[in-house]
Amino acid sequence: MSRNLIKNPKRQKELSLKVAITGHTKGIGKAVFDSLTAKGHTVKGFSKSTGYPLPESIDKLVSEILDYDVFINNTYWGFAQALILDHLLVHWADVPNKRIICMGSTSADLVVTPYPLYTAAKKALETLCHLSQSKRVWPLITNLKLGMVDTHRMEGNKEMKLSTKDVSSIVHWLLALPPHLAVPEIVLKNREQLPVIG
């Protein structure tokens, strides 16, 4: 039975969850917000347009999401993702049945980058995810390291990219997993983004 849950995500049954997500008005966040809402989850989005500008609203944001089952840490604003995660873990440490999905990036692996602040922020998020996972069982934390995704930020870039639907499907898969399964990290790239060896 457990093999089927991993091999065939379509057989998994998603329970209706209360989900909080940051950065839900564009790109990845909007796609995830819309797909979770369509599946019947109760989803609340937090962004500048809904009264949560970052970084000054981190404490307000964290206090609002404490009663949710899932937090999707999506928004990028400097080091806000790592700061939000750090603040939330103070409250969710060892609280059963809580799940956090952090939208990381494969750029965290880069040594040379045209976007050093973005790379450093995603590396900080990845590091905090790893350190937090090693200290506790709950909440379940997944760092979803994404390659390039076809969003407004990537317009004009001719390389093959993931679709926002690809990312949404992985989020649904994670939310449908039984609570005894932890997935600390997923690296998701378009096949064209993989290095060619040989």
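Residues numbered from 1 in each chain as written. Predicted model: local features only at pLDDT ≥ 70, side-chain atom pairs only at ≥ 80, totals over all residues. Heavy atoms only, no water.

**Q** A description of the environment of R136 should follow, citing residues and the corresponding values.
**A** Tracing the backbone through its elements, the reader meets R136 in the loop between helix 5 (116-135) and strand 5 (140-146). Taking the C-alpha atoms as reference points, R136 and D94, separated by 42 residues in sequence, lie 6.4 Å from one another. Among all residues touching R136, those that are not within four sequence positions of it are L89, A93 and D94. (Helix = DSSP H or I, 4+ residues; strand = E, 2+ residues; numbered from the N terminus. Contact = heavy atoms within 4.5 Å.)

**Q** Could you give an account of helix 6 (residues 164-176), naming the residues involved and the relevant values?
**A** Given 3.6 residues per helical turn, the α-helix brings residues three or four places apart onto the same face. When the terminal C-alpha atoms of helix 6 are compared, their 19 Å separation across 13 residues agrees well with the 18 Å that a helix rising 1.5 Å per residue should span. V167, S168, I170, V171, H172, W173, L174, L175 and A176 are the residues of helix 6 that are buried. (Expected span 1.5 Å × (residues − 1). Buried < 20%, exposed > 50% of the residue type's maximum accessible area, 1.4 Å probe, protein only.)

**Q** Could you give me a rundown of the sheet that holds strand 1 (residues 18-22), with the residues and numbers involved?
**A** Taken in spatial order, the 6 strands of this open sheet run 2-1-3-4-5-6, and their pairing is parallel. Strands with a single pairing partner mark the edges of an open sheet, and in this sheet they are strand 2 (42-46) and strand 6 (185-188). Taking each pair of neighbouring strands and ignoring which way they run, the sheet shows an average axis angle of 15°. Of the pairings in the sheet, the one linking strand 3 (residues 70-73) to strand 4 (residues 99-105) comprises 4 bridges and is parallel in character. (Pairing = 2+ DSSP bridges. Axes fitted to C-alpha atoms, helices over the stretch in contact; angles between N-to-C directions.)

**Q** Which residues make up the state of the cysteines, and what are the values?
**A** One pass over the structure, following the stated rule, counts 0 disulfides. Unpaired in terms of disulfides, C102 finds its nearest cysteine sulfur in C129, a separation of 3.7 Å. Look at C102 and you get buried, because its relative accessible area is 0%. On the basis of relative accessibility, which here comes to 0%, the residue C129 falls in the buried class. (Disulfide = S-S within 2.5 Å.)

**Q** Give a detailed account of the packing of helix 3 (residues 58-65) against helix 4 (residues 80-92), specifying residues and quantitative values.
**A** As a packed pair, helix 3 and helix 4 sit with axes 10 Å apart at the nearest point and diverge in direction by 45°. In terms of orientation, helix 3 lies oblique with respect to helix 4. When the axes of helix 3 and helix 4 are compared, the crossing they make is right-handed. Each of I58, D59, L61, V62 and I65 in helix 3 lies in contact with helix 4, whose residues at this interface are A80, L83, I84, H87, L88, H91 and W92. (Parallel < 35°, antiparallel > 145°, perpendicular 65-115°, else oblique. Left-handed = near helix turned anticlockwise from the far one by under 90°.)

**Q** Requested: an account of the packing of helix 4 against helix 5, with residues and values cited.
**A** Direction vectors running N to C along helix 4 and helix 5 enclose 25°, while the axes themselves pass 8 Å from each other. In terms of their interaxial angle, helix 4 and helix 5 are classed as roughly parallel. Side by side, helix 4 and helix 5 meet where Q81, A82, L85, D86 and L89 of the first sit next to K122, A124, L125, L128, C129 and S132 of the second.

**Q** Give a detailed account of the packing of aromatic side chains, specifying residues and quantitative values.
**A** One pass over the structure, following the stated rule, counts 2 aromatic pairs. Considering the side-chain rings of F46 and Y52, the 4.8 Å spacing of their centres and the 80° angle between planes classify their relative orientation as edge-to-face. One exposure class covers both F46 and Y52, and it is buried. Here the guanidinium or amino end of K60 rests over the ring plane of Y52, the centre of that ring lying 4.6 Å away. (Phe/Tyr/Trp six-rings, centres within 6.5 Å; stacked < 30°, edge-to-face > 60°. Lys NZ or Arg CZ within 6 Å of the ring centre and 35° of its normal.)

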